[in-house]
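Fold and contact review
Each chain, written out:
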Amino acid sequence: MIWNEKIETMSRDEMTDLQNGRIANIAKYVYERVPFYTKKFDEMGINPDDIKGLEDLHKLPFTKKTDLRDNYPFGLFAVPMEEVVRVHASSGTTGKPTVVGYTRDDIDMWAEVCARSFAMSGANPGDMFQNAYGYGLFTGGLGMHYGAEKMGLNTIPVSGGNTARQMTLLQDFQTKVMACTPSYALTLADALVNAGINPEDLPVRNFILGAEPWTDEMREEIEAKLHANAVNIYGLSEIIGPGVSCESVEAKDGMHIMEDHFVPEIINPETGEVLADGEVGELVFTTVTKQAMPLIRYRTGDLCSLNREPSVCGRTLVRMSRVLGRADDMLIIRGVNVFPSQIEAAMLGIEELSPHYRLIVTQQDRLDRIEVQPEVTKAFIERVGEEALTGGHTAVTSLQKKIEATLKESLLISTKVTLIGPGEAPRSEGGKINRVEDRR
Ligand code: ADP
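Criteria and cut-off values
Residues numbered from 1 in each chain as written. Predicted model: local features only at pLDDT ≥ 70, side-chain atom pairs only at ≥ 80, totals over all residues. Heavy atoms only, no water. Helix = DSSP H or I, 4+ residues; strand = E, 2+ residues; numbered from the N terminus. Rg over C-alpha atoms; globule rule 2.2 N^0.38 Å. Buried < 20%, exposed > 50% of the residue type's maximum accessible area, 1.4 Å probe, protein only. Contact = heavy atoms within 4.5 Å. Areas by Shrake-Rupley, 256 points an atom, 1.4 Å probe, with all protein chains shown as cover. Lys, Arg positive; Asp, Glu negative; His and termini not counted. Charge placed at Lys NZ, Arg CZ, Asp CG, Glu CD. Pairing = 2+ DSSP bridges. Axes fitted to C-alpha atoms, helices over the stretch in contact; angles between N-to-C directions. Core = buried A, V, L, I, M, F, W, Y, C linked by side-chain atoms within 4.5 Å. Phe/Tyr/Trp six-rings, centres within 6.5 Å; stacked < 30°, edge-to-face > 60°. Salt bridge = Lys/Arg side-chain N within 4 Å of Asp/Glu carboxyl O. Domains from an automatic or database assignment. Buried area = accessible area lost by both parts, 1.4 Å probe. Polar contact = N/O pair within 3.5 Å; in protein donor to acceptor, adjacent residues only side chain to side chain. Expected span 1.5 Å × (residues − 1).

A tally of helices and strands in the chain yields 13 helices and 21 strands. For 440 residues, the compact-globule estimate of 2.2 N^0.38 gives 22 Å, and the C-alpha radius of gyration of the chain, at 23 Å, lies within 12% of that figure. Here the C-alpha coordinates of the chain stretch approximately 70 × 55 × 40 Å along the principal axes. A burial count over the chain gives 56% of its 440 residues as buried. Sequence separation of 24 or more characterises 65% of the internal contacts of the chain that already satisfy a separation of 6 or more. In the structure as shown, the chain presents an accessible area of about 18,500 Å², 49% of it carried by carbon and sulfur atoms. Measuring between centres, the 46 positive side-chain charges of the chain sit 3 Å from its 64 negative side-chain charges.

Ordered by their spatial adjacency, 4 strands build an open sheet running E20-E19-E18-E21, and the pairing between neighbours is mixed. With one partner strand each, in any of the chains shown, strand E20 (416-417) and strand E21 (436-438) form the two edges of the open sheet. In the sheet, strand E19 (residues 367-376) pairs with E20 via 2 bridges, with the strands oriented parallel. Across the sheet, the residue bridging to Glu-371 is Lys-416, located in E20.

Pairing is mixed in the open sheet, where 9 strands are placed in the order E4-E3-E5-E6-E7-E8-E9-E14-E13. Each of the sheet's edge strands pairs with one partner strand only, and the pair in question is strand E4 (154-156) and strand E13 (306-307). Judged from the 3 bridges that link them, strand E3 (residues 128-131) and E4 form a sheet pairing that is parallel. Across the sheet, Phe-129 pairs through a bridge with Thr-155, a residue of E4. On the sheet, helix H7 (residues 163-172) packs against E3, E4 and strand E5 (177-180) and is oriented at approximately 175° with respect to E3.

Further remarks concern the nonpolar core. Soluble globular proteins tend to pack their nonpolar side chains together in the buried interior. If you look at the biggest cluster of nonpolar residues, it comprises 73 residues, and the most contacted ones within it are Phe-118, Tyr-234, Phe-262 and Met-320. Sorting elements by how many residues they give to this core places helix H5 (residues 104-121) first, with 9 residues. Membership of the second largest hydrophobic core comes to 27 residues, among which are Leu-359, Val-396, Leu-411 and Leu-419.

So, on to the packing of aromatic side chains. A full pass over the atoms with the stated rule returns 7 aromatic pairs. For the pair Tyr-37 and Phe-41, a centre-to-centre distance of 6.3 Å together with 65° between the ring planes defines the contact as edge-to-face. With Tyr-37 and Phe-41 both in helix H3 (residues 35-43), this residue pair falls 4 residues apart, about one helical turn. With 4.8 Å between their ring centres and 75° between their planes, Phe-118 and Phe-129 make a pair best called edge-to-face. A residue pair is termed long-range when its members are at least 10 positions apart, and Phe-118 in helix H5 and Phe-129 in strand E3 qualify at 11 residues. Judged on exposure class, the residue Phe-118 and its partner Phe-129 are both buried.

All told, the structure shown has 26 salt bridges when counted by the stated rule. Among the ionic pairs, Glu-8 bridges to Arg-315, the shortest N-O distance being 2.8 Å. Of this pair, Glu-8 sits in helix H1 (residues 5-8) while Arg-315 sits in the loop between E13 and strand E14 (319-320), placing them 307 residues apart in sequence. Accessibility assignment for this pair places Glu-8 and Arg-315 in one class, buried. The closest approach of N and O atoms between Arg-440 and Asp-438, which form a salt bridge, is 3.0 Å. It is possible to trace a salt-bridge network through shared partners that takes in Asp-216, Arg-219, Glu-247 and Arg-322.

A separate point is the environment of Gly-281. Tracing the backbone shows Gly-281 in strand E11 (residues 281-287). Judged by relative accessible area, which is 1%, Gly-281 ranks as buried. Put simply, Gly-281 and Ile-296 are 15 residues apart on the chain and 18 Å apart in space, counted from C-alpha to C-alpha. If near-sequence neighbours (up to four positions away) are discounted, Gly-281 is found in contact with Ile-266, Ile-267, Pro-269, Leu-275, Asp-302, Leu-303 and Cys-304.

A separate point is the environment of Lys-225. The topology assignment puts Lys-225 in helix H9 (residues 216-226). Considered as a pair, Lys-225 and Asp-190 are 35 residues apart in the sequence and their alpha carbons are 8.3 Å apart. Not counting the four nearest positions on each side in its chain, Lys-225 is found in contact with Leu-186, Ala-189, Asp-190 and Pro-199.

For the chain, the domain assignment lists domain 1 (1-326) and domain 2 (331-438). With 21 residues of domain 1 at the contact, the number on the domain 2 side is 16 residues. Counting each side, the surface lost to burial between domain 1 and domain 2 is near 1,400 Å², with a carbon and sulfur contribution of 56%. In this structure, the connection of domain 1 to domain 2 is made through 0 salt bridges. Run the count over domain 1 and domain 2 and you get 2 residue pairs in polar contact (both at pLDDT 80 or more). Elements with a contribution of two residues or more to the side of domain 1 that touches domain 2: helix H8 (182-194), H9 and strand E15 (325-326). Looking at which element gives the most residues to the side of domain 1 that touches domain 2, the answer is H8, with 6 residues.

Quick look at helix H6 (residues 139-151) now. Across its 13 residues, H6 extends 18 Å between first and last C-alpha, which sits within 8% of the 18 Å expected from 1.5 Å per residue. The set of residues buried in H6 consists of Thr-139, Gly-140, Gly-141, Gly-143, Met-144, His-145, Gly-147, Ala-148 and Met-151. Trailing H6 by a residue or two, Gly-152 shows a phi angle of about 95°, which is positive.

Rendered as structure tokens:
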């Protein structure tokens, strides 16, 4: 089903008209209400009345994550605190968390975009829905929760982690739709098999997965292991949370951006120049309807491309590609840009490996070195024996060589490969996963 037929199948001209009006409004709104933007616009000589729509968007200043930190906690809010009904904060690995706020209308809009996402993923009102995104300050849990209730799903707010409980609910409540991170979907798939439960016997058929980068190869693996559809959902707290964009189960080919609320641009992360559709660059959003904390040209740090072709599912909303990496945690190895997702995609075709791995980046004699530590499967260990990984066994050496050659072909740089045993690579405990150890 399509949740909001009118918006999601709008012609390009109608969407442009809608966006033009909203961009003009939001430029005035932030100028009048947020001192940070008043100052920025004044410094750049921008009169908000001159901002008439999409064509003028590039004249506006960018907003960066550091601007949120500098205005911590509530400095970018555009409404008095009496109008704020919810505050979230992102985990923020360094320093203070990034704080975001919502008015009642913002919460309604968020529920709307998440309901659209559920419909895209193949869910229908009345389906049993297990929400294994974390509840709390993280936007994942509550964002999906309100969308699910809006759609009329039977919502189970189980939150992240606690795999034993997740498995019990999957069986006893006959869950049909489940949301979690893609890495956790794999953890769950393995746990089900280890517990002697065949995922094919469970009614769960739609996984809606996001909050971290993943690959098409990983999708194939998740779908095969769980006997279900897996669609990609994207979002970030600064823009709203989950539901900024989502794939349709019919196409599984790019995530439809809810562009009536979040107007996207792709820019060259170095120069800030706006790039054409199809070109890979940094994704930037202007929130055109948000009240509590609207952001102008917010630099997400996520690298992807846009595609405005209508989709086979009937939706006309612009699609973004998978996130290919982050502009800021892209690894630069001896001058070559390397994305963990590239390494992951290259290795997923190798049958002796599990989908789990760790990356260690070091510097020796001023030279960057990257060590890839993929985890071998249990079947491989059974074949070569426990000690083989450290003992220089020929099967191990030849597998290492094979992986090194595959990576060289895909990354164009040499890597060192050290195989590790089943269970040794980081796993998702329910939330996001960090596989990279940069020791430089
Ligand atoms: P936190 O900062 O607490 O981790 P956020 O919601 O702000 O939480 O994280 C948003 C970021 O997560 C995005 O900018 C993006 O890098 C990543 N992300 C979210 N969904 C996806 C997805 N489907 N694919 C790839 N990356 C994603």
